[in-house]
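Architecture and fold: a report
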Amino acid sequence: MLKKLAFLPIIFLFFNACVDKDEDLIIDDTLENKEIIQSLYGIDISEFDIVKDTVRNGDTFGGILDANAVPNSKIFEVAEKFKDSFDVRRMNVGKPYVLFNSKDSTAQTKVFVYEKSRINYVVVDLRDTTTVFNAQKEVTYIEKEASGVITSSLSQTMEEENLSPYMSDKLSNIYAWTVNFFHLQAGDRFKVVYTEKFINDSISAGLHDIKAAYFEHRGQPLYAFEYQGDSLQLIPDYYDEEANNLRRAFLKAPVKFSRISSRYNLNRRIKYYGYKLRPHKGTDFAAPIGTPILATADGVVSKSEYRGGNGNYVKIRHNATYDTQYLHMKSRKVKVGDFVRQGEVIGYVGMTGNTGGPHVCYRFWKNGKQVDPFKQDLPASKPLPQQYREDYQQFITPLKEKLDCINY
Ligand SMILES: [Zn+2]
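Residues numbered from 1 in each chain as written. Predicted model: local features only at pLDDT ≥ 70, side-chain atom pairs only at ≥ 80, totals over all residues. Heavy atoms only, no water.

Within the protein one finds 6 helices and 24 strands. For the protein, buried positions account for 41% of its 408 residues. Residue pairs in contact within the protein that sit at least 24 positions apart in sequence constitute 62% of those at least 6 positions apart. By element, 52% of the accessible surface of the protein is carried by carbon and sulfur atoms, the whole surface being about 23,700 Å². (Helix = DSSP H or I, 4+ residues; strand = E, 2+ residues; numbered from the N terminus. Buried < 20%, exposed > 50% of the residue type's maximum accessible area, 1.4 Å probe, protein only. Contact = heavy atoms within 4.5 Å. Areas by Shrake-Rupley, 256 points an atom, 1.4 Å probe, with all protein chains shown as cover.)

This is the structure we're talking about:
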């Protein structure tokens with residue numbers, strides 16, 4: 001009896017918190033839809049006819065404006081006097097532009113706007129004294145939530161849930177050290193709180209950032225919160241609910257999507273060699289030719305050459321204890337002395353040297369000896385420093401609550 005009473009208020013609070021948030025979201029949506037556009041690029045549109053088009057093959061700035069009754073002297077003035085803010089010869093096919101034409105019978109273009117990119121645009125104002133200036137669309141970030149249950153692969157689930165393919169990329173990067181995305185199980189599931197970038201409040205420019213994530217792999221829950229704190233000393237990184245950094249000093253694999261075709265095995269015997277002992281001191285990751293090979297940790301390139309059975313290979317010195325080596329590359333992208341960051345592309349999968357098929361043979365050296373990286377207790381990245389812990393807990397509490405409230 002006592003036990004039951006103790007549980008009741010907790011359940012009630014939890015339930016309440018989840019419901020309230022959904023209602024807030026709905027109210028926000030209806031407000032946004034009621035907005036009416038009265039200006040474009042900050043220009044009042046009431047006195048113009050608006051013509052929207054995209055630059056086609058053969059179009060020129062002069063040609064477009066000439067066809068819209070702009071005097072040649074004006075066109076020449078823009079092309080010559082405002083070169084620094086707008087080089088009219090550098091308009092690209094496929095980019096949108098907008099003409100603000102007068103409503104009278106001349107239909108003369110008074111303002112021309114060219115979109116250099118999704119966010120940057122240039123305004124050529126031909127009214128009175130000609131002015132040309134560059135500006136940026138207003139970018140807003142809207143927080144959203146998503147979830148999914150994996151049936152086959154992460155990317156397929158993302159597609160089924162109508163989520164950006166970048167989401168799958170970002171999520172697998174966050175959990176690169178804790179989850180092997182090649183060995184997901186049906187029933188593994190995820191939830192994310194993310195921000196989507198919007199231009200002028202209406203046009204989505206896609207996924208911006210994952211603020212918090214929850215991944216359940218083989219029934220094991222893994223939280224991830226992006227945190228920077230207010231310190232310039234810290235770079236934004238993902239930590240779990242106990243402020244442990246989700247990164248490891250080493251990536252689990254030197255290729256993103258691959259399968260291990262042969263493990264480190266000192267007792268390997270091969271039929272071809274009459275079952276003689278042929279120890280394998282590397283881990284083979286099979287992947288298609290041309291797949292980027294990534295440095296598994298920060299370090300300095302100590303070898304980059306073609307030699308015998310190794311073929312094209314690269315070796316990286318990480319610190320006084322660890323080196324890694326990558327064999328059979330199709331081509332190498334780094335040279336001796338280069339500093340490489342974890343995850344940086346150092347070459348491409350090939351089959352140079354002694355190899356039966358395209359793969360990268362990954363060799364992991366500890367104190368000058370080749371060891372099995374999967375048997376090593378590899379150093380974790382440093383947890384969040386103590387002085388940020390309190391702030392971190394306050395920061396993640398509402399995010400964790402949000403995650404817990406998302407349904408699948
Ligand atoms: Zn090998």
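Now that the structure has been shown, the text picks up again.
Each regular strand carries side chains that alternate between the two faces of the sheet. Burial analysis of strand β19 (residues 311–317) places 6 of its 7 residues in the buried class, which makes it a mostly covered element. Both strand β18 (residues 299–307) and β19 contribute to a ladder of 7 bridges, which runs antiparallel. When the sheet's bridge partners are listed, V301 is paired in β19 with I316. In this antiparallel pair of consecutive strands, β18 and β19, the connection spans 3 residues, and G308 shows a positive phi of 40°. Note that β19 and strand β20 (residues 322–332) share 5 bridges and pair antiparallel. When the sheet's bridge partners are listed, K315 is paired in β20 with Q325. Hairpin remark: β19 followed by β20, antiparallel, with 4 residues in the connecting loop. (Pairing = 2+ DSSP bridges.)

As a further point, take the sheet that holds strand β11 (residues 220–227). Read across the open sheet, the 5 strands follow the order β8-β9-β10-β11-β12; overall the sheet is antiparallel. Bordering the open sheet on either side are β8 (139–149) and β12 (237–239), each of which pairs with just one other strand. Averaged over all pairs of adjacent strands, the angle between strand axes in this sheet comes to 30°, irrespective of strand direction. When strand β9 (residues 189–199) meets strand β10 (residues 203–217), the two strands line up antiparallel, connected through 10 bridges. In the strand pairing of β10, Y194 is matched with I210. Its contacts with the sheet place helix α5 (residues 165–174) against β9, β10, β11 and β12, and it is angled at close to 40° to β10. Packing against the sheet, helix α6 (residues 389–405) makes contact with β8, β9, β10, β11 and β12, and its axis sits at approximately 125° to β11. (Axes fitted to C-alpha atoms, helices over the stretch in contact; angles between N-to-C directions.)

We now examine the coordination of the zinc ion. Six octahedral donors around a metal ideally sit at 90 or 180 degrees from one another, while four tetrahedral donors ideally sit at 109.5 degrees. Taken together, the protein donors to the zinc ion comprise H280 (NE2), D284 (OD) and C361 (SG), at separations of 2.0 to 2.2 Å. Between consecutive donor residues of the zinc ion, the sequence gaps follow H-x3-D-x76-C. Taken as a pair, H280 in the loop between β15 (276–277) and β16 (283–286) and C361 in strand β23 (residues 359–366) lie far apart in primary sequence, 81 residues in all. Of the two residues, H280 and C361, neither departs from the other in class, the shared state being buried. (Donors = N, O, S within 2.8 Å, 3.2 Å for Na, K, Ca; no water.)

This part covers the sheet that holds strand β6 (residues 120–125). With antiparallel pairing, 5 strands are arranged side by side in an open sheet as β3-β4-β5-β6-β7. Two strands lie at the open edges of the sheet, namely β3 (48–54) and β7 (131–136), each paired on one side alone. Between one strand axis and the next, the sheet turns by 20° as a mean value, whatever way the strands run. The pairing of β3 with strand β4 (residues 96–102) spans 7 bridges and is antiparallel. Considered in β4, the bridge of V51 is made with L99.

Among the residues of α5, M167, S168, L171, S172 and I174 are the ones counted as buried. The arc enclosing the buried residues of α5, seen along the axis, measures out at 155°, which places them on a common side. Turned more than 90 degrees off the buried face of α5, the exposed positions are P165 and Y166. Among the structural elements, α4 (154–160), β9, β10, β11 and β12 are those in contact with the buried residues of α5. Where α5 begins, the capping side chain belongs to S164, and its oxygen is found 2.9 Å from the backbone nitrogen of Y166. (Arc of directions from axis to C-beta. Polar contact = N/O pair within 3.5 Å; in protein donor to acceptor, adjacent residues only side chain to side chain.)

Note that strand β17 (residues 292–294) and strand β22 (residues 345–349) share 3 bridges and pair antiparallel. The residue of β22 that forms the bridge with I293 is G347. Here β20 pairs with β22 via 3 bridges, running antiparallel. Counted as the bridge partner of M329 is V349 from β22.

Let us now look at the environment of V255. For V255, the location among the structural elements is in the loop between β12 and β13 (259–262). Accessibility expressed as a relative area gives 2% for V255, which makes it buried. Taking C-alpha positions, V255 is 9.0 Å from T296, a pair spaced 41 residues apart along the chain.

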